[in-house]
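Observations on chain architecture
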Amino acid sequence: MRLLDGADGPIASAVGKAAGAAATASTFGVSEFFGFRDEAVKWGQAVAAGLRDRVLGLRRFDRTQRLEAAHAVLVITSFFEAFDDLPEDELHALRLLRSEQVSVATGEWPGRTYQSLVQTLLDSPLPLPSPHVSFEDAILSLRVLYDTAADHTFAFVRNLLGRSVAVSGDDLVRAAVRRYSEGYRKLAVQVPEFAVWSAMTDAQATRHLVRELGTGLRGIAELLTGMASGGAVDAVRVGLATRYQAALDRPILTTADSPAGVELPSLADGYVNPSGRVALAGRDALPASESWWRDKPVREDLQSFVAGHLISPGAAETPLVILGQPGSGKSVLTRTLAARLPAADFLAVRVELRAVPADTSIQVQIEEALYQTLGERVTWPDLVRHADNAMPVVILDGFDELLQATGMNRADFLEQAQEFQAREAELGRPCAVVVTSRTVVADRARFPDGTPVVRLEPFDERQVETWLGVWNTANAPGLAARGLRPLQVEVALAHRDLAEQPLLLLLLALYDASGNALQRGPAGLEQVDLYARLFEDFAGREVDKHGAWRDAAQRQEAVELELRRMSAVAVAMFNRGGDVIAESDLAADLDHLLFPGDLAPPGAVGAGRALTPAQLLVGRFFFVHESKARRDTGDVERSFEFLHATFGEYLAARLIIDTLVELAEERSQSLGRRRAVYDPGYFHALTSLATVTRRAPVRDFCRGLLERLPPQQRAQCRSLVLELLPDAGFPHPRWSHQDYEPHRRPFAARHATFAANLVWFAVALSDGAVPVGELVGEPAVIQWRRLATLFYSQLEPEDQQNVWLNLRAEWRPPGVLELRHEDGADVPVYASLPWPPDDPGFEPSVLAPEVRMPADSKAGQALRRSAFVQTAIDVREYLYALMPYWELVGDGTWHDERSATTRAGVLFRLLLEPPSTEHHVDRLGAAAELNVRPVLRQLIVAAADNERAEDELGFYPRSEILAAAAELAGQLAAVDKVRRRIKW
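Counting restarts for each chain, with residues numbered from 1 along the sequence as it is written. Only residues with pLDDT of at least 70 get local features here, since the model is predicted, and only at 80 or more are side-chain atom pairs given and counted; chain-wide, interface and lining totals rely on the full set of residues. Side-chain measures here rest on the full set of heavy atoms in the structure, leaving out hydrogens and waters.

Identification of the protein as AAA+ ATPase domain-containing protein from Dactylosporangium salmoneum is taken from an unreviewed UniProt entry.

Concerning the sheet that holds strand β6 (residues 432–438)
Taken in spatial order, the 7 strands line up as β2-β1-β7-β3-β6-β5-β4 in an open sheet, and their pairing is mixed. Where the open sheet ends on each side, the last strands, each with one partner, are β2 (298–299) and β4 (346–352). What makes two strands pair is DSSP finding at least two bridges between them. The helix count covers DSSP runs of H or I at least four residues long, the strand count covers runs of E at least two residues long, and both are numbered beginning at the N terminus. Bridge count for β4 against strand β5 (residues 391–397) is 7 bridges, and the pairing is parallel. Among the inter-strand pairings, E352 is bridged to a residue of β5, identified as D397. Contacts were defined at the residue level, with two residues in contact if any of their heavy atoms lie within 4.5 Å. As a rule, the C-alpha atoms of each element are fitted with a line to give its axis, helices using only the stretch in contact, and angles between N-to-C directions run from 0 to 180 degrees. The sheet strands contacting helix α20 (residues 362–374) are β4 and β5, and the helix crosses β4 at an angle near 95 degrees.

Digging into the pairing of strand β10 (residues 636–642)
Across 3 bridges, the pairing between strand β8 (residues 580–582) and β10 is antiparallel. Residue A582 lies in a different strand from β10, and its bridge partner there is S639. As defined by bridge partners, strand β9 (residues 624–630) adjoins β10 across 7 bridges and the pair is classed as antiparallel. Note on β10: the bridge partner recorded for H625 is E641.

Examining the nonpolar core
Throughout, nonpolar core names a set of buried Ala, Val, Leu, Ile, Met, Phe, Trp, Tyr and Cys residues whose side chains join them through atoms within 4.5 Å. Exposed residues in this analysis have more than 50% of their type's maximum accessible area, buried residues have under 20%, and partly exposed residues fall in between, with area computed by a 1.4 Å probe over protein chains only. Formed by 128 residues in total, the largest nonpolar core has its most connected members in F642, F761, L775, W784, F791 and F868. Residues within four places of W784 in sequence aside, it is in contact with V759, V772, L775, V776, F791, L817, L819, F868 and Q870. Formed by 77 residues, the second largest nonpolar core is a distinct cluster that contains I220, A315, W380 and F413.

Remarks on the pairing of strand β1 (residues 276–281)
Successive residues of a regular strand alternate their side chains across the two faces of the sheet. The element β1 is extensively covered by neighbouring structure, given that 5 of its 6 residues are classed as buried. With 2 bridges connecting them, β1 and β2 associate as antiparallel partners. The partner of G276 across the bridge, within β2, is R299.

Observations concerning the packing of helix α36 (residues 747–764) against helix α38 (residues 780–794)
The axes of two packed helices give the description: the angle between them and the distance between them. It is at 9 Å that the axes of α36 and α38 come closest, and there the two elements cross at 120 degrees. One element, α36, and the other, α38, form an angle in the oblique class. Judged by the twist between their axes, the crossing of α36 over α38 is left-handed. In contact with A748, A749, H751, A752, A755, A756 and V759 of α36, α38 contributes W784, L787, L790, F791 and Q794. By the convention adopted, Pro, Cys, Tyr, Trp, Phe, Met, Ile, Leu, Val and Ala count as nonpolar, Lys, Arg, Asp and Glu as charged, and the other residues, Gly among them, as polar. Grouping the amino acids of the contact of α36 with α38 by side-chain chemistry returns 10 nonpolar, 2 polar and no charged. Note on angle classes: values under 35 degrees are labelled roughly parallel, values over 145 roughly antiparallel, values of 65 to 115 roughly perpendicular, and the remainder oblique. Should the near helix be turned counterclockwise from the far one by less than a right angle, the crossing is left-handed, whereas a clockwise turn marks it as right-handed.

Here is the structure:
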């Protein structure tokens, strides 16, 4: 009230008098409850009517505080006004004496002073709409507050009158909510902040405007300019705004990165406003997990959300965190946001964390960013002291770079940001903080309670269409001049994994701009073919930057070198088991994975100085993301990752298969010589640290590349693999690259990995199933079991599982164990674990016919694993005993949460144990919930006569038991006979 009425205003004076330590009912005056209510309502209405004038010319944060205060007045006066909506004949019952009024508001009986009432009102947290909560959800919170007040009111009235009144608390609450909604809409008309905070239904025109301004965050500028205070802007703030706004007119890429004849849109036009999921995080949040986001709503009007946050009271209390995948546009968002914030109301300072010292305070990082932007030293306190009405907004872009480039533990970074905000607020310099990061590293930071978090969503069809509309408009004349067509939405969306990320959509557009390569490709172009064309096109443009080539062969050689370099980076990441690699690790690996001269600068003659990994990857930002951080010593530390994980996975597969083909050719040529010598050392280095089945895309790319080999090359590769496999476990001191060891592993582990890859290649290069005897020799089963158990004992856990998940082992007559690619077919029991063929006196099928289990069921997976390793043959009779159950009931490995047993276990217990056994009733109830066969239902019904079951089955589905009893009553005698026989 003091914020809106002034310290000496009538309402503030009255409340102050009531809240005084000595204030009592007599000192407050003789006005009754409704007299004070009428005065408060009248004043509240006056505040609402003149609110726009009250906040004009205030600095941004002061304006926000007064709007928050005005909202609090609206909440309380709406409840008071709601009494006017009650029936007239009941209002007299509610005109209470002064001391009685206190008990209504506080829930206490008469005798308390008005100080208690006023203090209760001051201390009660009032629901406030925010960008993080919909208007509808805010109304629900408000209803809880009104419910409490109404309960106090009518409980008192009932006791006072000795009877209830016709009006219920629900009537009063509905009236109060209606009054509040009407008042809020009126405030939203006067003051646009209210519409932005709530995103209420009546603000649909605002949201429509924001969506229509679909590029360059123009909606934020439109919204916030309409709320600007119009304060003066000093020279420093003008300089910052000028630098940030200049970026809007520059192309989204440097022209050096685009092919000839392509017109790049400006940042203002080419940046399509994103959508995102919004949530509030705390210490227990898991924002790096997909499951944590699954139920969070998607906000299409994300720019209005960001605007709403920056003008909300919470903006000065906790940082706003923006997460996204590489290439999703996080950094471009911060550049555009810094340019669009009105300089009269906001002081934007964008800090590229990769370009400032990583191991210093946030204030030092801000001041370093100011120097880099303005070219002069400006201290943070001096800057904000001259901010006039503007609220500082510190944008910290690239938290993930601090972690990945330096390996530092910065789990407290968000807490430090919040502490920075708290210090600034205490000093009278409240500021907002925005932090961006890759989603995958979000679990490496502690989130303060109540932290608003946004995760940028992939482009939907509308956003892809908007982006392509901008692109095609800019390039229509140039495309037409070359006889080319604009890129259509449906063509781009055929490669949705790429099209839904902004930078990768640009990559597709650039690729298609070169001769409509994407549109003229064959229908149903597979991913492996698309990636081959994308990378070859990019590599060709990259090598063409360095001048003319003597002939096509020389140019193609340069293209292959470019691809080999990037593929070596991909293999280094793959072999180290991650998606990110530090520059020092990459440099060490490239010494082994590239050949002498591969790192020479383009066009270098002789022994030119080798390129560093950073120099090697400069300009490859379409494919490789460089994280960079600088310590206070000035040393720059870098790490690298592929912009899309499948880029690295394709390149790793490409290098592996190219090496296999080259080695097979080398072996084939050496076979005619007196001494057939070839060196598999490099191939071993590529394939002895991780299995190709570890990652499904690597596996699929390898298989696709092998399928595209000519028949002769496939045969050569298959012969090579079969020749290498028997000797895979022996030392080969003459092989090259023996010192390549990115991480220490026992020789047996590398043997297992190399052999597992050779087995997979042998199957991939075969036209059908492969007898294991062809892989390991005779005796086939014993030799195979040795190799398979080696896999189990030495492979990394994820490799261990993925090997048998990708290869199906089955027996075929007459006793031949074969391997084939996993095809998802149902798993036969006898073909997985057959009876020994050397025991002709027994045929297990007399016990039960062949049973097939779904490949992904628990039983199916257990059979597949057992068949692959062939170690369960000693217990196969017990598995055969389960086959009737599998045939009649299904997978028996379902676990009941209450008894931690299996379906089959429930059945066997019911068959064999007496009904009086402890926990028998529990098992009956558990079984009743299963979708079981009639025989199990009969057993349940037979036991239902037990008195204990009658008493204790109440929380189980008795209706199902009784229905089964009626249906099967005529069969109970047969069931009893079966049970007696089993007991015997």
